[in-house]
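Spelled out, the chains give:
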Amino acid sequence: MRMSRAFLRTLRDDPADADIDSHRLLLRAGCIRRVASGFYAWLPIGRRVLARVEAIVREEVDAAGAQEVILPIVQPIELWVRSGREGAYGPLMFRLRDRKEAEFCLSPTAEEVITSLVAGELSSYRDLPVNLYQVNWKYRDELRPRFGLLRAREFLMKDSYSFHVDEADLRRTYQDMFDAYSRVFTRCGLTFRAVEGEAGEMGGDVNHEFMAVAAIGEDDFVWCTNCDYAANVEVARRQATSTPPEPGVAVVDAPPREKVHTPGLPGIDGVAEHLGASPAVLLKCMAFDADGELGLALVPGDRELNPFALAAALAPRRVRLLDDADFERRPELPKGYIGPDYAGVALVVADPMVAAAQEWITGANEVDHHVRHAVLGRDFEVDRWADLVAVVSGDPCPRDGHKLSVDRGIEVGQVFQLGTKYSSALDALYTDEAGEQHPMVMGCYGLGISRVVTAVVEEHHDEHGIVWPATLAPYPAHLVALPGRGDTAAEVVAAAERLYEELLAAGVEVLYDDRDASPGVKFADADLLGMPTRVTVGAKGLARGIVELRDRRSGEQTEVPIADAVRALAGRG
Ligand code: ATP
Ligand code: MG
C-alpha cells in the first residue's frame, strides 16, 4: 500500500479525549476514529488488525470443531421475554420498534436466538453435540463507555454456543474451547491467565474468565508468573511457608509478657512507629461475628486479612467483620487494643504466618496499651489455622512456589458451562435412546475481538508508538524511501519502487512510504504505526548496494544487499 494513496492520517499530538495508551495510539496511528461515545469507525490499518485477530480466532475455534453461522443483529424482544432475561439486561439493551410497533433489540449477546434456532433444527441425541459460533457486532448501552475499544457500545465478539446430551459431553467441549482460547491469546501475543469465575446465580455454573495482564484493566487478579495458576483476589491463596505448631508446644526462651503504654495509637503503623518496631512483628487481631459469637482473626501486622478467606474457612457459619457501628454498640470492646487472649472470644482463627514468629507485639485488651513478647502457646492459643492473609505480589504460588503477581486484568474472553437454563426456557429438547425428552445441556463462549486489539496495544507499545506482534501487524514490513534532494534522488526512488513491486510479487504485503516527506516524519510514522520491520532505501546505502532493515521491537538494525531484501523479508513475514 502506497502511503501517498492510503486513507491514513497519523496524528502528531495526543487526542484530548483519549485516556489510556492504547486508545491514544490507535487514534494517532489512524486505526480508528470516534463516531459517537462508544462507537468507532475502523479505518483501513485498524481493520486489517481486526481481521487478523478474527482469522486467528476462526482457525482455532474451527479446529475445536465449531461451525460458523451468522445471526441477525436485530433480535425480537419476545425471545428475551421467554428466557426471562429481558428485565435483567435492562438499560444495557438498545431497543427499537419496527413500523408495526413490534419490539426488537440490538444483539448484546445471542443465547436466546441460537437456542431457539437449534430447537427448531435438532431433536435427537444423534444430532448432538453441536458447537456453533459467529463473529458479529454486539451492542450494549454501557453505563460508562470508556477507554476506546475496551468498553465500547458497539464491539466485535466471537460468540459460540454448544449443545450436548449431558454435562460430561459439555465438559469435553468446554475443555476444547478453553484450549482454543489459550492458543488464540498466545498467538495474539498477550500475557494472560484463565481465572476461575465465581459460581453463578445457580451456585454451580463453572466458568473461566481470560484476563490479559494490563495496568488499565478493570479487575484485580492474582497470577503465577511461572505456571498457569490464577485466581480472583478473593479466592487467591499463597503457599504456606510455615506450618502450624503442635498444640501446647510453646517457645519458652522469650522474655515474659510486658505491658507498654501506647496512648491514642489504635492502628498498627502508629504503634510500630511509637515502639520503633516493624509492623511485621505486630499481631493484627480482627474481631468478627460468627453466627452471633465473637471471634478473632489473627494475621501479621504488615498483612491484610482477606475477609473472603475467613468466611470460607468458617463456612457454613455466617461470618462478618465488626464495623464501627458494632464497636459503638459494644463499648466494652477495646477497639484497636484487642489482644489474641481477649476474654469474651469464642473462636480464634489464625493464618499459619502467625506460627512463624517467636513472639508478637499485640493489643493488651485495654485501651491505650499493648504488650510485647506475647508468645503463641504460652500467652495465647489458636483454635483454628487457616490461610487468611490477602495475597500480595511476591507471595509464593500455591501450586509451584514461584512468585505470584497481583495485577489488573482486561477480560478478553469468558467460557461458561450454562446447563439447561436457556434450553429449558426456549424448548431446545432432544429425545434420548429410550425416547425420553430432555433439555439440551449448553455451554457458551465469548471472546472480545475488538477488545483484544486494545489489550494487545496496551501490552505492545513504547513511547514512540505501537509495536505490533508479527501475527497481528497490518503489514509485515514498512518500506521507507529517502530520496533526499541530491542527484541520486531519482535513482533511490527507482530502487524503492522496484523493491516495492518485487515484494508484492513475492506475496509480501508492505506499507510503502512514497510520500514527499522528511526522513524525520517518515521514521516517526513508521515507529507510530508499528510494523515489525522497517526497510529503508537511502542514497548512501544504495551507493553500497544495501538497504537497511530495522526491527521495531528491538531496534536492531541490519544491512542487507538490495538483491537479498525480498528473500530476507519473505522469511520474516
Ligand atoms: P465486562 O465484565 O467487561 O462488562 P462481560 O462479562 O459483560 O464483560 P461477556 O458477556 O462475557 O462480557 O462478553 C464476552 C466478551 O466480550 C468479554 O469477555 C469481553 O472481551 C467482550 N466485551 C464485553 N463487553 C464489551 C464492551 N463493552 N466493549 C468491548 N468488549 C466487550
Ligand atoms: Mg464476561
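The notes below deal with the structure included here. In this text the structure is predicted, and so the values were computed from the model without any measurement.

## Overview of the sheet that holds strand β27 (residues 477–482)
Moving on, step 1. Taking strand neighbours across the sheet as the criterion, the 5 strands line up as β28-β27-β29-β30-β31 in an open arrangement whose pairing is mixed. Each having just a single partner strand, β28 (510–513) and β31 (557–561) make up the two edges of the open sheet. Across the sheet, the mean angle from the axis of one strand to that of its neighbour is 25°, orientation sign disregarded.
Moving on, step 2. With 4 bridges connecting them, β27 and β28 associate as parallel partners. Pairing of A477 across the sheet is with V510, part of β28.
Moving on, step 3. Set on the sheet, helix α15 (residues 565–572) makes contact with β27, β29 (533–538), β30 (546–551) and β31; between it and β31 the angle comes to about 130°.

## Regarding the pattern of salt bridges
Moving on, step 1. On inspection of all chains with the given rule, the structure shows 50 salt bridges.
Moving on, step 2. A salt bridge links R82 to D427, with the shortest nitrogen-to-oxygen separation between them at 3.8 Å. In this pair, R82 is assigned in helix α3 (residues 77–83) and D427 in the loop between α10 (421–425) and β22 (429–431), connecting sequence segments 345 residues apart.
Moving on, step 3. Judged by its relative accessible area of 46%, D427 is partly exposed.
Moving on, step 4. Here R97 and E101 are joined by a salt bridge, their closest N and O atoms 3.6 Å apart. Each member of the pair, R97 as well as E101, carries the same accessibility label: exposed.
Moving on, step 5. It is possible to trace a salt-bridge network through shared partners that takes in R2, E497, E501 and D514.

## Here's the deal with the environment of S450
Moving on, step 1. Considering the arrangement of structural elements, one finds S450 in helix α11 (residues 449–459).
Moving on, step 2. Remark: the alpha-carbon pair of S450 and C285, spanning 165 residues in sequence, is separated by 47 Å.

## Focus on α11
Moving on, step 1. By the criterion of burial, α11 is predominantly enclosed, with 10 of the 11 residues buried.
Moving on, step 2. Listed in full, the buried residues belonging to α11 are I449, S450, R451, V452, V453, T454, A455, V456, V457 and E458.

## Side note on the nonpolar core
Generally speaking, soluble globular proteins have nonpolar side chains that are buried together.
Moving on, step 1. Residues F185 and W468 are the most contacted members of the largest nonpolar core, which totals 65 residues.
Moving on, step 2. It is helix α6 (residues 167–187) that provides the largest number of residues to this core, a total of 8 residues.
Moving on, step 3. Judged by nonpolar contacts, the second largest core, of 26 residues, contains Y89, M93, L122 and L426.

## Here's the deal with the sheet that holds strand β4 (residues 74–76)
Moving on, step 1. If you walk across this open sheet you meet the 3 strands as β4-β6-β5, and the pairing is antiparallel. In this open sheet, the two edge strands, each paired with only one partner strand, are β4 and β5 (94–97). With direction set aside, neighbouring strand axes in the sheet form an average angle of 40°.
Moving on, step 2. Pairing analysis gives 4 bridges linking β5 to strand β6 (residues 103–106), with the strands arranged antiparallel. Note on β6: the bridge partner recorded for R97 is E103.

Thresholds, definitions, all that
- Residues numbered from 1 in each chain as written.
- Chains lettered and ligands numbered in written order.
- Predicted model: local features only at pLDDT ≥ 70, side-chain atom pairs only at ≥ 80, totals over all residues.
- Heavy atoms only, no water.
- Pairing = 2+ DSSP bridges.
- Helix = DSSP H or I, 4+ residues; strand = E, 2+ residues; numbered from the N terminus.
- Axes fitted to C-alpha atoms, helices over the stretch in contact; angles between N-to-C directions.
- Contact = heavy atoms within 4.5 Å.
- Salt bridge = Lys/Arg side-chain N within 4 Å of Asp/Glu carboxyl O.
- Buried < 20%, exposed > 50% of the residue type's maximum accessible area, 1.4 Å probe, protein only.
- Core = buried A, V, L, I, M, F, W, Y, C linked by side-chain atoms within 4.5 Å.

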